[in-house]
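Analysis of the macromolecular model
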Amino acid sequence: MTDNKTSKEQKYDRQLRLWGDHGQEALENAHVCLINATATGTEILKNLVLPGIGVFTLVDGHKVSGEDVGNNFFLTSSSIGKNRAQAATELLQELNSDVSGNFVEESPDKLLDNSPEFFHRFSLVIGVQLPESTYLRLGSVLWEAGVPFLICRTYGLIGYMRLIVKEHTVVESHPDNALEDLRLDQPFTELKHHVESHDLDNMEKKDHSHTPWIIVVAKYLEKWYSEHNSQLPKNYKEKEAFRQLIREGILTNENGTPEDEENFEEAIKNVNTALNPTKVPSATEDIFNAEQCENITSQSPSFWLIAHGVRDFVRNEGNGKLPVRGTIPDMIADSDKFIKLQNVYRDKAMKDAAVVSKHVEALLQSVGKPPESTSEQEIKLFCKNAAFLRVVRCRSLAEEYSVDTFNKDEITSCMYSTDSEMVLYLMLRSVDRFYQQHSRYPGVYNYQVEEDINKLKLCVNSLLQEYSLNVNVKDDYIHEFCRYGAAEPHMVAAFLGGSAAQEAIKIITHQFVPFNNTFLYNAMSQTSATFQL
Amino acid sequence: MAQLVGPLRKELADSLSSCRVLVVGAGGIGCELLKNLVLTGFKNIEVIDLDTIDVSNLNRQFLFQKKHVGKSKAQVAKESVLRFCPSANITAYHDSIMNPDYNVEFFRNFQLVMNALDNRAARNHVNRMCLAADIPLIESGTAGYLGQVTVIKKGQTECYECQPKPTQKTFPGCTIRNTPSEPIHCIVWAKYLFNQLFGEEDADQEVSPDTADPEVAWNPADAAARATASNKDGDIKRVSTKEWARSTGYDPVKLFNKLFKDDIMYLLTMDKLWKKRKAPLPLDWTEIHQLGVFGYIENYVETLRSQLIEKGEGAELVWDKDDPPAMDFVTAAANLRMNVFSMNMKSRFDVKSMAGNIIPAIATTNAVIAGLIVLEALKTLNSDFDQCRTVNLQCCSFHVGVIGLVQILTLAVFAFDCLRNVFPVIGPSVQVSMKTTSVSNNNKFLSDFGIRNGSRLQADDFLQDYTLLVNLIHSEELEKDVEFEVVGDAPDKAPVSSVPEEGKNIANGNKDSAQPSTSSKAAEDDDVLIVDSDEEPSSSTMETSLESSNRKRKHHDADTDDAASKRKRLDQQPADDDEDIIALD
């Protein structure tokens, strides 16, 4: 068992550094369904099997064709004529012995006819190269069941993804440039005391130049307050004056030249961000005000339970502030002083989290759930990330497709520029319409390309008419889409396979923020865009 | 093939099956790329990689499986691809692309080169080779969720080296040896220790206290006294660490006592160091061992010692972050030292991250990037450089390469026949090393200066404010009696040069040039520097700083003791010949 653990640690070392042990655990507990083992499908699955997803189930009613072998790495000519789900599963399985793979030799339509609840069991369903009628049906089944659904499509040199998830909560959003949570503008009691225990004016030189900059800023802030009516330096001019105040505090040698005190330099450099007023970010505020946070029931997911607990903290003990995050950046200081300061923040964070725990416990009790339904660990992680919480809510396919609820404004405003990626979306909708009418995609046979152009044009127009869209779709795009002949070039499939798998990992691990809700990629111009449709 | 119908024009589709491409690297991007290439219709592919397969590759390098661990990446990648796509024609090389066998002629065999590398030295090298051979190059890289792809085509785009890259952080020796203040200092020290004990000994990787620390202002008399006072192991200072360790039979207690007790006590005697710092605390073996918190360093030492013995006499171990005993040893040693210097301990996971400069790597990013590479490849083969996502700027090296045999090409030939006659350099003077001037160096071969295949030389002509970067490519296959061959055209006069600012600050050459100068004066006015000699990535870190310090020195020369030194040279040799090169190795 331990052997297995270390060998996994070794194998997954390079990714554990991105999503951690708990992210990996989430992956290993996931069961993903992938429909259609086309090139795009197997590329996505490859990128999920390699990092060690728990279980996958491949659903595909097709037989392997020569065309498949031509663009799909996980199908070989010896598998021609076999069921595609089975053939691909065998080869994908080889990639990682820790992953277990199943296959179902059935088309999704059949499964939807006979037992739609088949799809309820999955952590995520990924539908690849599905006809419109199938993904609309499947979409409504999964929407009802609350199973996240990712639609992926490679159409010539165009890539398309659509994510449909009612509500996806993220605790660890891993923001790129997060500000530190230092509370210098509103120091908590323990921090105040700790700052008071330092006397910069009566310190040995060695201590003076090894006092963490946070304390230096706090000290000079006191001085500043006494001269400025207890107001923080707000604008550039005031901040500059505050920096000067700190600069004047640098010790000088017997000749009057300033000593080299790097901690003071750091303090000056950090003035701008360190004095950022402490407040609850609007995204977190929105979460507190959400209905799901308001009305906790025994069915409420732990995210909302804890969110409620944190809200209670903010409104009571926290005096309008989130629990202290408890981490400080690296800085110039002697180890002893640094660790002491670090502990001040860490202890306060633990204390705050404990208070949140109490609130959560009371909440659990009120809805008749045992207190151990949320773990200490979970609450701590939540508190630490309280400023970065995210909730992604996608619109359903039904909303996107209904003439009453579709996002007309987004489409119309994007289409002011005729080369917006939005045109690709309209074209995909049009080729689906073409398929509905002709039971094939335009341009799949070279000899038909010319006549298909006109037919596709009719589809574009009828789509625009149906939705009363007064926009211009350039003929170039109609020609281009006919030329594609619904082909699935491998390099586009590879690109989309990487992107889709990454979104799947975000959904499964609840780390990082997935796109919302439509992604379009143009391989010709190397551009991409996301839209809320 | 079905996938070619539609999206690709027929001529392009046909050209795929006839063209030859080179993939440099069969790792994360390389595996994906090979697959994409064969499935897009590329038929003739050569792949080169000097690496072997490691367990930590398996989370993304899908052409490899557990049973392949330890085997050649290029070879296994080839076999795996052929298993799925038997019709492809793939050649695999288990070798370094920097090996001179892969000369300009080799590169000219291809219509396109694609980099899938993980280090800058090799990237620089392939960049220069492709510029010299005038073969388009697609450069790429990934780090965690981030990735990039760019097309480099001589005369049309920027090259890989146009934009200065951030350098890897290095630490001064005395910080590592005497006054570590951050965990990374202790980790670097522990890695040095590994090499001192088990690997290749390197004088720049000393681990014992540094008595030459400028902060100490050493008094030699005190030093001697202190040395005898604290030096219980008598001879350890005189023999190498490895020899000493071997003589003790890698006795873990003796090792421990020297490294974490005696050496630390010695450091304490350098009291100046601890006036402004917290002094280190020597450790006691029995106490520490009872705690057991640092892992059992003696076990790691023992494992490594037996590995060393197994390899036979004179063998060396190579530190590898993915080799558990080596990693365990470094973790334990680093943590012990962190404890000595009152730092908080780091987990093995974190130590590994820092010691191995680990860049997170995942399948998804590589998949995306490899897909993009092929799309750029198609545009490149189609000569749609305008459509490529790349920067179309004047290139830093002006696409100049000189091909010659470094062991045959002399400095004189290079400076006069090549620089002066082929390029618009008026007064070639070449600076050699810090002190030398050298006259006699004239007939020295380029190889004597450490100039090798792929070295980049910078010629500054202060007479005209002209800077030329020359990529030197070593070749054994020049025609008879041809000493060198120049690839690419130098501009008549340099436009905006992309060399570091210092280049412009040294303006005295310019001022001098106001009057027609004597030959000796002219000779002083430009120099050739080796700006990069393609060592390990770490060596390139010194590039900028060394360069600037040398330049400063030169400035100084020209200003002050110029006259004296010049006279001396004139005495020895005709003025024309005074030349030197600064070798920045």
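Bear in mind the structure is a predicted one, so any value in this text is a computation, not a measurement. (Residues numbered from 1 in each chain as written. Chains lettered and ligands numbered in written order. Predicted model: local features only at pLDDT ≥ 70, side-chain atom pairs only at ≥ 80, totals over all residues. Heavy atoms only, no water.)

**Focus on the state of the cysteines**
Residues and elements named next belong to chain B. Selection criterion: Note on terminology: disulfide denotes any pair of cysteine sulfur atoms within 2.5 Å.
If you walk through the whole model with that rule in mind, you get zero disulfides over all chains. Cysteine Cys130 is unpaired, with the sulfur of Cys159 as its nearest cysteine sulfur at 11 Å. Note on Cys174: no disulfide assigned, nearest cysteine sulfur contributed by Cys186 at a separation of 14 Å.

**Notes on the sheet that holds strand β2 (residues 44–48) of chain B**
Residue and element names in this part refer to chain B. What counts is decided by this rule: When DSSP finds two or more bridges between a pair of strands, those strands are recorded as paired. A helix here means a DSSP run of H or I that spans at least four residues, while a strand means a run of E at least two residues long, and both kinds are numbered starting from the N terminus. Only the stretch in contact is used when a helix axis is fitted, and all axes are lines through C-alpha atoms; the angle between N-to-C directions ranges over 0 to 180 degrees.
Within the open sheet, the six strands sit side by side as β3-β2-β1-β4-β5-β6. Their pairing is mixed. Every other strand in the sheet has two partners, leaving β3 (89–93) and β6 (146–152) as the edge strands with one partner each. Neighbour-to-neighbour, the strand axes of the sheet open up by a mean angle of 15°, direction not taken into account. Note: strand β4 (residues 112–115) against strand β5 (residues 137–143), two bridges, orientation parallel. Bridged to Met114 within β5 is Ile138.

**Describing the domain arrangement of chain B**
Residue and element names in this part refer to chain B. Quick note on the threshold: Where each domain starts and ends follows an automatic or database-derived domain assignment. Contacts are assigned to residue pairs with any non-hydrogen atoms lying within 4.5 Å of each other. What gets called buried area is simply the loss in accessible area from a 1.4 Å probe that two parts show on being joined, summed for both. Here a polar contact is taken to be a pair of N or O atoms separated by no more than 3.5 Å, where protein atoms must pair a possible hydrogen donor with a possible acceptor and residues adjacent in sequence count only if both atoms sit in side chains. For this classification, Asp, Glu, Lys and Arg are treated as charged, while Ala, Val, Leu, Ile, Met, Phe, Trp, Tyr, Cys and Pro are nonpolar and the rest, including Gly, are polar.
Split into domains, chain B comes out as domain 1 (10–167 + 360–393), domain 2 (173–217 + 239–356) and domain 3 (400–487). Contact residues are listed per partner, giving 13 residues for domain 1 and 11 residues for domain 3. For the domain 1 and domain 3 pair, buried surface summed over both sides reaches about 980 Å², with 55% attributable to carbon and sulfur atoms. When residues of domain 1 are sorted by the area they lose upon contact with domain 3, Asn103, Arg128 and Ala132 head the list and together hold 43% of the total. Linking domain 1 with domain 3 are zero residue pairs in polar contact (both at pLDDT 80 or more). Broken down by secondary-structure element, the contributors of at least two residues to the side of domain 1 that touches domain 3 are α4 (104–107) and α5 (120–133). For the side of domain 1 that touches domain 3, the leading source of residues is α5, giving five residues. A per-class count over the side of domain 1 that touches domain 3 returns six nonpolar, two polar and five charged.

**Things to note about the pairing of β4 of chain B**
All names here are of chain B. The criterion, for reference: Per-residue accessibility, obtained with a 1.4 Å probe over protein chains only, is compared with the maximum for each type, and a residue is labelled buried under 20%, exposed over 50%, and partly exposed between these values. By the criterion used throughout, a crossover qualifies as right-handed when its path from the first strand across the helix to the second strand runs clockwise, the strands pointing away from the viewer.
Residues of β4 alternate between two faces, with Leu112 and Met114 on one and Val113 and Asn115 on the opposite face, all of them buried. Where strand β1 (residues 20–24) and β4 come together, four bridges link them in parallel fashion. Of the residues in β4, the one forming a bridge with Leu22 is Val113. Read as a crossover between parallel neighbours, the route from β4 over α5 to β5 is right-handed.

**Some details on unusual backbone geometry**
In this structure, the amide linkage connecting Asn516 of chain A to the following residue, Asn517 of chain A, adopts the cis form with an omega of 0°. Among the structural elements, Asn517 of chain A can be located in the loop between α22 (490–509) and β9 (518–522). Positive phi values are uncommon outside glycine, yet Asn319 of chain A reaches one of about 50°. Here Asn319 of chain A shows up in the loop between α14 (302–315) and α15 (335–366). Even without glycine at this site, Tyr250 of chain B takes up a positive phi of about 50°. Mapped onto the elements, Tyr250 of chain B comes out in the loop between α9 (241–247) and α10 (252–269).

**Considering the side chain of Asn195 of chain B**
All names here are of chain B. With respect to the element layout, Asn195 can be found in helix α7 (residues 183–197). At 3.1 Å, the side chain of Asn195 and the side chain of Gln205 are in polar contact. Ignoring any residue separated from it by four or fewer positions in sequence, one finds Asn195 in contact with Glu200, Glu201, Gln205 and Trp319.

**Section: the environment of Glu285 of chain A**
Residue and element names in this part refer to chain A. On the secondary structure map, Glu285 appears in helix α12 (residues 282–289). The partly exposed category is assigned to Glu285, whose relative accessible area is 31%. Measuring from C-alpha to C-alpha, the distance between Glu285 and Arg311 comes to 8.8 Å, with 26 residues separating the pair along the chain.

**Quick word on helix α1 (residues 10–18) of chain B**
Residues and elements named next belong to chain B. Test applied: Picture the helix axis, draw a direction to every C-beta atom, and the arc is the one those directions span.
Listed as buried for α1 are Leu12, Ala13 and Leu16. Take α1 and look down its axis: the buried residues cluster within an arc of 100°, on one side only. α1 presents Lys10, Glu11 and Ser18 as exposed residues on the side facing more than 90 degrees away from its buried surface. Close packing links the buried residues of α1 with α2 (28–40) and α15 (363–381).

**Re the packing of α2 of chain B against α15 of chain B**
All names here are of chain B. For clarity, the cut-off: Angle categories are assigned with fixed cut-offs, so that under 35 degrees is roughly parallel, over 145 is roughly antiparallel, 65 to 115 is roughly perpendicular, and the rest are oblique. Crossings are sorted by hand: turned counterclockwise from the far helix by less than a right angle, the near helix makes the crossing left-handed, and turned clockwise it makes it right-handed.
Contact pair α2 / α15: the axes reach a minimum separation of 8 Å and the direction vectors enclose 45°. What the angle tells us is that α2 and α15 run oblique. Regarding α2 and α15, the two cross each other, and that crossing is right-handed. Where α2 approaches α15, its residues Gly28, Ile29, Glu32, Leu33, Asn36, Leu37 and Thr40 are matched on the opposing element by Ala363, Asn366, Ala367, Ile369, Ala370, Gly371, Ile373, Val374 and Leu378. Residue composition of the contact of α2 with α15, by class: 10 nonpolar, five polar and one charged.

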